[in-house]
Amino acid sequence: MFSCFFKMKFKRFSEILLPNPFLILCLLYNPVFGSATRYQKNSSNVGDILLNIFGGPFAVVSSQDEASSACQEHSKLYLQALANMTPWAINMYDASTKIPSGLVTGNVQQLGNYDQCLRIEVQNGDVLAFRGQQCRATIHFEVTGEDSGNRTRTDTRRSLDMKDLFYAALEAAGVYDWKDTKSAPYVWAFCVPSSCSTTDVQRALQKSLSPLTVPGRVEAMVSVTSSDCHVADPTGTQLSAADLGILVLLAVVLVFLIASTSYDLIVSRKYAGKKSKGVAHSVLVSFSLTTNGRNLLSCSTSSDTMPSLNGLRFISIFWILLGHTYYMKSVSSNINNIVVKHFDQSLSMMLIMNGTLTTDTFFLLSGILLAYVFMRDRQKKQPFNLATFYIHRYLRLTPPYAFVIFFYATLLSRLGSGPLWDTWAGANRDYCVANWWTNLLYINNYINLDQMCLNQTWYLAVDMQLFWLSPLLLYPLARWPRFGKGLLAFVIFLSIIIPFAITFAERLTAVMLYNKDLLPVAAVYSFIYTKTYARAGPYLIGIALGYLLHVLRNKHISIPMVRMYFSSHAVSAGPVNAFLSWRLFVPLSRLTYSAYLCHYVVLLYNAGSIRAPGYLSEYTVVHEFAGNLMFTLVLAAVISLAFEVPFMNLDRIVIKRQPRDATPTAKGVSIVPAAGNAVQPSGFHSNTIHQDNREGAPSVYVISEKTSLPVVQLKSYENKAFDGGR
């Protein structure tokens, strides 16, 4: 091949850098002609077999492959055109994966050149014969037998086989404790004629790899599914009825936004300075972008709030998005995926590896706030309506949630393309089409768990189910305190015993190590992590603490630890509290619920649209995370202004709020309502409860100081302790 370069004459150095057809032919000459002549040969040498398959052109050329006649004809045409250096055939060969570097370090997911392959069109006269089609084949090797695969130099009893190569590669990678029987899946992208089906490609590749199979030692297995093959569709895919439905919905919401904003800008000026503008006016400005946008971007807070909650909420979504970015990047295509195995040995990764524990904090806060408000209302003889308790909570949570589900099931899969697009966006679309109803009923953590729509929303289901069950504990606590406390203690004891018993019986791991074998992780996720009976402990303890706060308030008892905690926030002491109370966190924190719902849209788009393997490092992940955070906040703002805030406004109108005044006691802990805007919904917001006559309306506790003792004040404020279930 080097003699070919000597014949090339360049007048300027820049000609070497620019694409040169003769240079390209020189690069392709040896592998193309060498492989084309060797393709039909049968070789027992492992190196020759691998080179023929993964270094040369792949084509379905044997009638024994039982491929369609069109596929075989076009495959033969491809080989002939490649031997004649026809441009379209060179493009087809060039778009297929060759043997790359880094296979030992985890570069096992090859994507070829997706766009180059799909641009190929082969004409037969004036008729289109076929197009380029990229098919990704997943190949793994089943290793069997007692032989460890090690072979000394003096061992001449047998030739080296694929098992020997596999164990040598493991040793080269520094892996000495591998105990599985299956190799990692090797993904290879081939550009083939569009007339070849997935079955044609799979059978041809399986036959080509059959010489690598050694009975009792190693067996090669190939899988090619319909989602692995892609071909350009110049006509475009027609919109389904569901696609048209969401477009109509978006159009209607857009009309509401424009009309409400116009009304707010023009008509509402007449009411300037007036205290009350009527229910009709409130309804008409519910979708106003000016009013809602002004409230969203406002950095102002009142003096009696606990502004550090804003920082906690935003840092929560920050942490969740960073962890999910790490996860998606780790399971994506990288040239050094072997580093994932050592994540648990890195001190800097502990924050990411243990991020799954954050949800317990929010379950705890949810239980505290719910129990305290429930006890207070029962003491004041407020009527308890179970239907309102449930319906109000559902209506406050569901509108933005339902929109994101609808979007996943329709438009998400139309946003982009790529070799992995169907694997990520397409699969999540199918999950939402099939299982949307489990999400809207908040039972998606029990039904079809492996195909959950919006898999991060298991927390919403658990939180809602705990909310449904809470009256069974709260009502006895209020009506029969002694019995209620005994019942609560017994249920807390069960919440500890049940996860332990399940973990022991199923031999589950104590923690979820995503960088190790995924089967134990999946078992913990299925039996423990997403189940209400296993996650109820912190929530129940929160109910106990909420009840305790209620009792202490009535008895004017002060606990030093409670005093210290509340007072530290009341006087804004310490640099940590000062940072968490940063005014910029105020508008950002209002986006956390919508950001939680939509952040996987950005992550799925990134994972599905990649064209080549990347490099996994802390810098590359943080760099990608910064972009993910920006796009997530933009999407969250759109969802919040179009679906979350408007329906919150309507909810306040339909279920009229009547704030109650209370006089704080001079001693001890007291809870009083404070004026302000209604908060955003959900258990994501710490199951916060609005201070009105109806249960289930979200709000937040804020801290201030009265006299010499801390006073816990209630405020209908946007603070929501955000969970980021993983």
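Cut-offs used in this document
Residues numbered from 1 in each chain as written. Predicted model: local features only at pLDDT ≥ 70, side-chain atom pairs only at ≥ 80, totals over all residues. Heavy atoms only, no water. pLDDT = per-residue confidence, 0-100. Helix = DSSP H or I, 4+ residues; strand = E, 2+ residues; numbered from the N terminus. Contact = heavy atoms within 4.5 Å. Disulfide = S-S within 2.5 Å. Buried < 20%, exposed > 50% of the residue type's maximum accessible area, 1.4 Å probe, protein only. Phe/Tyr/Trp six-rings, centres within 6.5 Å; stacked < 30°, edge-to-face > 60°. Lys NZ or Arg CZ within 6 Å of the ring centre and 35° of its normal. Pairing = 2+ DSSP bridges. Expected span 1.5 Å × (residues − 1). Axes fitted to C-alpha atoms, helices over the stretch in contact; angles between N-to-C directions. Parallel < 35°, antiparallel > 145°, perpendicular 65-115°, else oblique. Left-handed = near helix turned anticlockwise from the far one by under 90°.

S.K.: Give me the lowdown on the confidence of the model for the chain, citing residues and values where you can.
M.R.: Confidence in the prediction for the chain averages 79 pLDDT; 77% of positions are at 70 or higher. Considering each helix and strand of the chain separately, the mean pLDDT is smallest for strand β6 (residues 671-674), with a value of 31, and largest for helix α7 (residues 114-118), with 96. Residue range residues 148-154 is modelled with pLDDT below 50. Its contacts to residues more than four positions away, or to other chains, number 8 contacts. Contacts from residues 559-572, a stretch scored under 50 in pLDDT, to residues over four places away or in other chains number 22 contacts.

S.K.: How would you summarise the state of the cysteines if you had to cite specific residues and measurements?
M.R.: Should the sulfur atoms of two cysteines be covalently bonded, the bond is a disulfide. The tally for this structure, following the rule as stated, stands at 4 disulfides. Disulfide pairing places cysteine 135 opposite cysteine 229 at an S-S distance of 2.1 Å. Across the S-S bond linking cysteine 135 and cysteine 229, the dihedral sits near 120°, which makes this disulfide right-handed. Taken together, the residues cysteine 135 in strand β2 (residues 127-143) and cysteine 229 in strand β5 (residues 229-231) connect sequence positions 94 residues apart. The pair formed by cysteine 135 and cysteine 229 is uniform in burial state, with each residue classed as buried. A disulfide bridge connects cysteine 432 with cysteine 453, and the sulfur atoms are separated by 1.9 Å. Across the S-S bond linking cysteine 432 and cysteine 453, the dihedral sits near 85°, which makes this disulfide right-handed. In this pair, cysteine 432 is assigned in helix α17 (residues 421-440) and cysteine 453 in the loop between α17 and α18 (458-469), connecting sequence segments 21 residues apart.

S.K.: I'd like a rundown of the packing of aromatic side chains, residues and numbers included.
M.R.: Inspection of the entire model under this criterion finds 30 aromatic pairs. Judged by centre distance (5.6 Å) and plane angle (35°), the ring pair of phenylalanine 314 and phenylalanine 585 falls under tilted. Remark: phenylalanine 585 occurs in helix α25 (residues 585-589) and phenylalanine 314 occurs in helix α13 (residues 308-330); sequence separation between them is 271 residues. Of the two residues, phenylalanine 314 and phenylalanine 585, neither departs from the other in class, the shared state being buried. Ring plane angle 10° and centroid distance 4.4 Å describe the contact between phenylalanine 389 and phenylalanine 467, whose orientation is recorded as stacked. In this pair, phenylalanine 389 sits in helix α16 (residues 386-409) while phenylalanine 467 sits in helix α18, placing the two residues 78 residues apart along the sequence. Since its relative accessible area comes to 0%, phenylalanine 389 is described here as buried. Within the aromatic cluster, the residues linked to one another by ring pairs are Phe314, Phe318, Phe579, Trp582, Phe585 and Phe625. We note lysine 98 situated over the ring of tyrosine 93; from NZ or CZ to the ring centre the distance is 4.4 Å.

S.K.: Can you lay out the pairing of strand β4 (residues 218-223) for me, pointing to particular residues and giving the numbers?
M.R.: Residues of β4 alternate between two faces, with Val218, Ala220 and Val222 buried on one and Glu219, Met221 and Ser223 left unburied on the opposite face. Summarising the sheet, β2 and β4 pair through 6 bridges and their orientation is antiparallel. Opposite histidine 140, over in β4, you have methionine 221 as the bridge partner.

S.K.: Explain α18 to me, and be specific about the residues and the numbers.
M.R.: The end-to-end C-alpha distance of α18 is 17 Å, a good match for the 16 Å that 12 residues give at a rise of 1.5 Å each. Listing the buried residues of α18 in full gives Trp458, Tyr459, Leu460, Ala461, Val462, Asp463, Met464, Gln465, Leu466 and Phe467.

S.K.: Tell me what's going on with the packing of α16 against α17, and back it up with residues and numbers.
M.R.: In the contact formed by α16 and α17, the axes pass within 9 Å of each other and the chain directions differ by 160°. Between α16 and α17, the angle falls in the class roughly antiparallel. Handedness of the α16/α17 crossing: left-handed. In this structure, α16 contributes Tyr394, Thr398, Tyr401, Ala402, Ile405, Tyr408 and Ala409 to the contact, and α17 contributes Asn428, Arg429, Cys432, Val433, Trp436, Asn439 and Leu440.

S.K.: Now, about the packing of helix α10 (residues 241-266) against α16: what can you tell me, with residues and values included?
M.R.: Contact pair α10 / α16: the axes reach a minimum separation of 9 Å and the direction vectors enclose 140°. One finds that α10 runs oblique with respect to α16. The handedness of the crossing between α10 and α16 is left-handed. Touching Ala242, Gly245, Ile246, Leu249 and Leu250 of α10 are Phe403, Phe406 and Phe407, all from α16.

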